[in-house]
Amino acid sequence: MSGPRVLILGGTGEGRRLADALAAVAPDAHVTTSLAGRVANPATPAAGDVRVGGFGGPGALAAWLRTHRIDVLVDATHPFAATISAHAAQAAADSGTRLLALRRPGWPADPRDRRHPARSLAHAAAMLPALGGSGSRVFLTTGRQGLAAFAGPELDGMHFLVRTVEPPGPPLPRSTHVLLDRGPYTLEGETALLVEHRVDILVTKDSGGPATAAKLTAARELGLPVVMVERPPVPEGVPEVPDVPAALALLGFGASGRM
Ligand code: NAP
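Residues numbered from 1 in each chain as written. Predicted model: local features only at pLDDT ≥ 70, side-chain atom pairs only at ≥ 80, totals over all residues. Heavy atoms only, no water.

**Student:** Please provide a residue-by-residue account of the site of the ligand, values included.
**Tutor:** Of all residues adjacent to the ligand, which total 23 residues, the nearest are G10, S34, F55, G56 and K205. A distance of 3.0 Å separates an oxygen atom of the ligand from a polar atom in the side chain of R38. Between the ligand and Q145 there is a distance of 3.2 Å, counted from an oxygen atom to a side-chain nitrogen or oxygen. For the ligand, whose accessible area on its own is 810 Å², the fraction buried by protein is 79%. Every element with two or more residues in the shell around the ligand is listed here: β2 (30–35) and α3 (82–95). For the shell around the ligand, the element with the highest residue contribution is α3, accounting for four residues. (Near = heavy atom within 4 Å. Polar contact = N/O pair within 3.5 Å; in protein donor to acceptor, adjacent residues only side chain to side chain. Areas by Shrake-Rupley, 256 points an atom, 1.4 Å probe, with all protein chains shown as cover. Helix = DSSP H or I, 4+ residues; strand = E, 2+ residues; numbered from the N terminus.)

Structure below.
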């Protein structure tokens, strides 16, 4: 008998690790990882198939699930990839496919943090003038999308160090220095970067995970304020797990490799 057919919506380390873990515990499972196709050289799992590009909306995703006879859909996308998560919830409901969200937890607050929660990128931008005057230097690590929120004339006097994997497009803040890099990052490296660029304020999304957490420790040790954009919620009713072992357990894959 052939094993379950699984589609993982990926683009994250968790998605890659789940594909590889499924291959190890359930060798007869058929696993496909789906990537959006945003970056030129994406990291891919060692195991299973990979498909690249959008599906064309929730209806088309539902059709894909039916055509490929998918038993389980795992939404392992980035916590801030809210559109695809909403599409996954709708497509799973429409096609009668089991859905599970794999979301790494957000970064826990430390009492020594100078953390300022923001509801959105626009809210984060609106908070900056109160945290630093004209001439302040802001380290922006919110990704290349949505930088327009920081491009308004109110922030023209601030200097932005923007770190992204792929080059960001306009509109960008008037004074922007782009740093192209991809984690994981070390505490030594992040501290050196904050000192070298004389950063006054860090802006980040609450992405969670160890790969990009060092900037928070570095900011804490340097006493810098951190504007933290809060996560969008997982669509209602979708079961959520924090890591790969919990996903395997919920899917019924024991250490023996049987369902
Ligand atoms: P998004 O805004 O939620 O999704 C926009 C559209 O991109 C979706 O409607 C879908 O197109 C397509 N898409 C997204 N993820 C896909 C996937 N895994 N496979 C196939 N199509 C996908 O997504 P986003 O925030 O741009 O993120 C894109 C990808 O980058 C995600 O896979 C995410 O895991 C990864 N990523 C995102 C962030 C972030 O901060 N947002 C950070 C790191 C990695 P259709 O409607 O045509 O199906």
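From this point, the discussion proceeds with the structure in view.
**Student:** So what's going on with the domain arrangement of the chain? Residues and values would help.
**Tutor:** One frequent convention defines the size of an interface as the accessible area lost when the parts assemble. You can read the domains of the chain as domain 1 (5–105 + 233–251) and domain 2 (114–229). With both sides pooled, the region where domain 1 packs onto domain 2 buries about 750 Å², and carbon together with sulfur makes up 49% of that total. Where domain 1 touches domain 2, the interface holds zero salt bridges. The interface formed by domain 1 and domain 2 contains six residue pairs in polar contact (both at pLDDT 80 or more). For the side of domain 1 that touches domain 2, the per-class residue count stands at six nonpolar, two polar and two charged. (Domains from an automatic or database assignment. Buried area = accessible area lost by both parts, 1.4 Å probe. Salt bridge = Lys/Arg side-chain N within 4 Å of Asp/Glu carboxyl O. Nonpolar A, V, L, I, M, F, W, Y, C, P; charged D, E, K, R; others polar.)

**Student:** Quick rundown of the pairing of strand β10 (residues 201–205)? Include the residues and the values.
**Tutor:** The element β10 is extensively covered by neighbouring structure, given that five of its five residues are classed as buried. Taking every second residue as pointing to the same face, both faces of β10 are buried, with I201, V203 and K205 on one and L202 and T204 on the other. Both strand β7 (residues 137–141) and β10 contribute to a ladder of four bridges, which runs parallel. Residue pairing across strands places T141 opposite T204, the latter belonging to β10. Pairing geometry for β10 and strand β11 (residues 225–229), over four bridges, is parallel. (Buried < 20%, exposed > 50% of the residue type's maximum accessible area, 1.4 Å probe, protein only. Pairing = 2+ DSSP bridges.)

**Student:** Lay out the sheet that holds strand β12 (residues 240–241) with the relevant residues and their values.
**Tutor:** Ordered by their spatial adjacency, six strands build an open sheet running β3-β2-β1-β4-β5-β12, and the pairing between neighbours is parallel. This sheet does not close on itself; its edge strands, each paired only once, are β3 (49–52) and β12. As paired elements, β2 and β3 share four bridges and run parallel to each other. Bridge pairing in β3 places L35 opposite V52. Packing against the sheet, helix α2 (residues 58–67) makes contact with β1 (5–9), β2, β3 and β4 (72–75), and its axis sits at approximately 150° to β1. (Contact = heavy atoms within 4.5 Å. Axes fitted to C-alpha atoms, helices over the stretch in contact; angles between N-to-C directions.)

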